[in-house]
Amino acid sequence: MKYTLPLLCLAALPLAAQDKQLNCDERSFGGSLARFCEIREQTIPSAGRLAIDGRPNGGMSVKAWDRADVLVRSKVQSQGDNDGDAKALAAQVIIHATGGQVAADGPSGKPWSVSYEVFVPRQTDLNLTARNGGIRIEHVRGNIEFVTQNGGVHLTRVAGNVKGRTQNGGVHVELAGNHWDGAGLDVKTQNGGVHVEMPAGYSAHLDASTVNGGVRGDFPELTGQKRQRQVSRDLNGGGSPLRLATVNGGVHLQKSS
């Protein structure tokens, strides 16, 4: 099986090579069919907001950088009866990245997928949608909304007004500093736990709930309590709301080092 990585944008990028993590080393398709994978890159102007539609199959990672434009890296995977068929199918997958929107089109009912790794200005509003894939957001501040059906969610040092949910997958949040910068955080999952890492002195108003699980944490306001399914409490004097909810899973707040 041969994998190609065409480079569509040769402009110098202010990020180390290890910051680009999307590659063709791992393949999400199984089975006995021939596989094809390629990485496509394109740079587009920033509109201050970005909507990414990862449907029908594929996850996405959105990371902040210090440039004023947007780099879209797309991992296109396909399958076929032989190498030629798999490559021909990938060629029919079109990535649309313009006007603050990113999405892919391809033949209906065929085995193809597109995953994204996108670099955006630090202040960017996001609207992210996936069906079968996880969502990861790192160091972005703005009005952020996300939803996926089958996939986990990872939020690293985000800020602003952040709301989102997953149906089947856990939620992991990493916070820094001493308070939330912005209106607040509101995350939900149906089937999965919610895990938050935050400094010991972090100030926030916690609203946490679960149906089949418990709320626990390393903070004085939570330790020594009986197993609870719903908690509404100020941490370190209170602040912007952190709303964390799951149906089937626990909620855990851990002190970060």
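Calculation criteria
- Residues numbered from 1 in each chain as written.
- Predicted model: local features only at pLDDT ≥ 70, side-chain atom pairs only at ≥ 80, totals over all residues.
- Heavy atoms only, no water.
- Phe/Tyr/Trp six-rings, centres within 6.5 Å; stacked < 30°, edge-to-face > 60°.
- Helix = DSSP H or I, 4+ residues; strand = E, 2+ residues; numbered from the N terminus.
- Buried < 20%, exposed > 50% of the residue type's maximum accessible area, 1.4 Å probe, protein only.
- Lys NZ or Arg CZ within 6 Å of the ring centre and 35° of its normal.
- Pairing = 2+ DSSP bridges.
- Axes fitted to C-alpha atoms, helices over the stretch in contact; angles between N-to-C directions.
- Core = buried A, V, L, I, M, F, W, Y, C linked by side-chain atoms within 4.5 Å.
- Contact = heavy atoms within 4.5 Å.
- Disulfide = S-S within 2.5 Å.

Colleague: Looking at this model, I keep getting lost on the packing of aromatic side chains. Mind explaining?
Modeller: Describing an aromatic ring pair means giving the distance of the ring centres and the angle of the ring planes. Inspection of every chain in the model, using the stated rule, returns one aromatic pair. Between W65 and F119, the aromatic rings sit 5.6 Å apart at their centres with planes inclined by 40°, giving tilted as the arrangement. Of this pair, W65 sits in strand 3 (residues 60-65) while F119 sits in strand 7 (residues 112-121), and the two are 54 residues apart along the sequence. In this pair, the class of W65 matches that of F119, namely buried. In this structure, K255 is placed above the aromatic ring of F219, and the distance from its NZ or CZ to the ring centre is 6.0 Å.

Colleague: In this structure, what is going on with the sheet that holds strand 9 (residues 135-138)? I would like to understand it.
Modeller: Strand-to-strand pairing in sheets goes through backbone hydrogen bonds, with the strands running parallel or antiparallel. With respect to topology, 10 strands assemble into an open sheet ordered 1-4-7-3-9-11-13-15-20-17, the strand pairing being mixed. Either end of the sheet is taken by a strand with one partner, and the two such strands are strand 1 (34-45) and strand 17 (215-217). Averaged over all pairs of adjacent strands, the angle between strand axes in this sheet comes to 10°, irrespective of strand direction. Pairing analysis gives six bridges linking strand 3 to strand 7, with the strands arranged parallel. Residue pairing in the sheet places M60 in a bridge with Y116 of strand 7.

Colleague: Got a minute to help me understand the sheet that holds strand 12 (residues 159-168) in this structure?
Modeller: With mixed pairing, the 10 strands of this open sheet are ordered in space as 5-6-2-8-10-12-14-19-16-18. Lying at the two open borders of the sheet, with one neighbouring strand each, are strand 5 (94-98) and strand 18 (230-235). Taken over all neighbouring pairs, the strand axes of this sheet differ in orientation by 10° on average, direction set aside. Direction of pairing for strand 8 (residues 125-129) relative to strand 10 (residues 141-150): parallel, over a ladder of four bridges. Looking across to strand 10, one finds that L126 is bridged to I144.

Colleague: Just to check I follow, could you spell out the pairing of strand 14 (residues 184-191) for this structure?
Modeller: On a regular strand, each side chain points to the face opposite its neighbour's, so the side chains alternate between the two faces of the sheet. Bridge analysis of strand 12 against strand 14 gives seven bridges, and the strand direction is parallel. Across the sheet, residue N161 finds its bridge partner in strand 14, namely G184.

Colleague: What's the story with the nonpolar core in this structure? I'm lost.
Modeller: One broad trend across soluble globular proteins is that nonpolar side chains are buried collectively. Formed by 57 residues in total, the largest nonpolar core has its most connected members in Y116, I137, F146, L155, L244 and L253. Here this core gets five residues from one element, more than from any other, and that element is strand 7. Among residues more than four places away in sequence, those in contact with L155 are I137, F146, V162, H172, V173, E174, L185 and V187.

Colleague: Would you mind showing me how to read the state of the cysteines here?
Modeller: The bond known as a disulfide is covalent and runs between the sulfur atoms of two cysteines. Across all of its chains, the model carries one disulfide by this definition. Disulfide pairing places C24 opposite C37 at an S-S distance of 2.0 Å. When the S-S torsion is -80°, as for the bridge of C24 with C37, the disulfide is left-handed. Of the two residues, C24 is situated in the segment before strand 1 and C37 in strand 1; the sequence distance between them amounts to 13 residues. Judged by its relative accessible area of 8%, C24 is buried. Since its relative accessible area comes to 0%, C37 is described here as buried.

Colleague: What is the right way to read the pairing of strand 2 (residues 49-53) from this model?
Modeller: Only one face of strand 2 is covered, namely the face carrying L50 and I52; the face carrying R49, A51 and D53 is uncovered. One ladder, built from five bridges, connects strand 2 with strand 8; its direction is parallel. Looking across to strand 8, one finds that A51 is bridged to N127.

The analysis is restricted to geometry; functional conclusions fall outside its scope.
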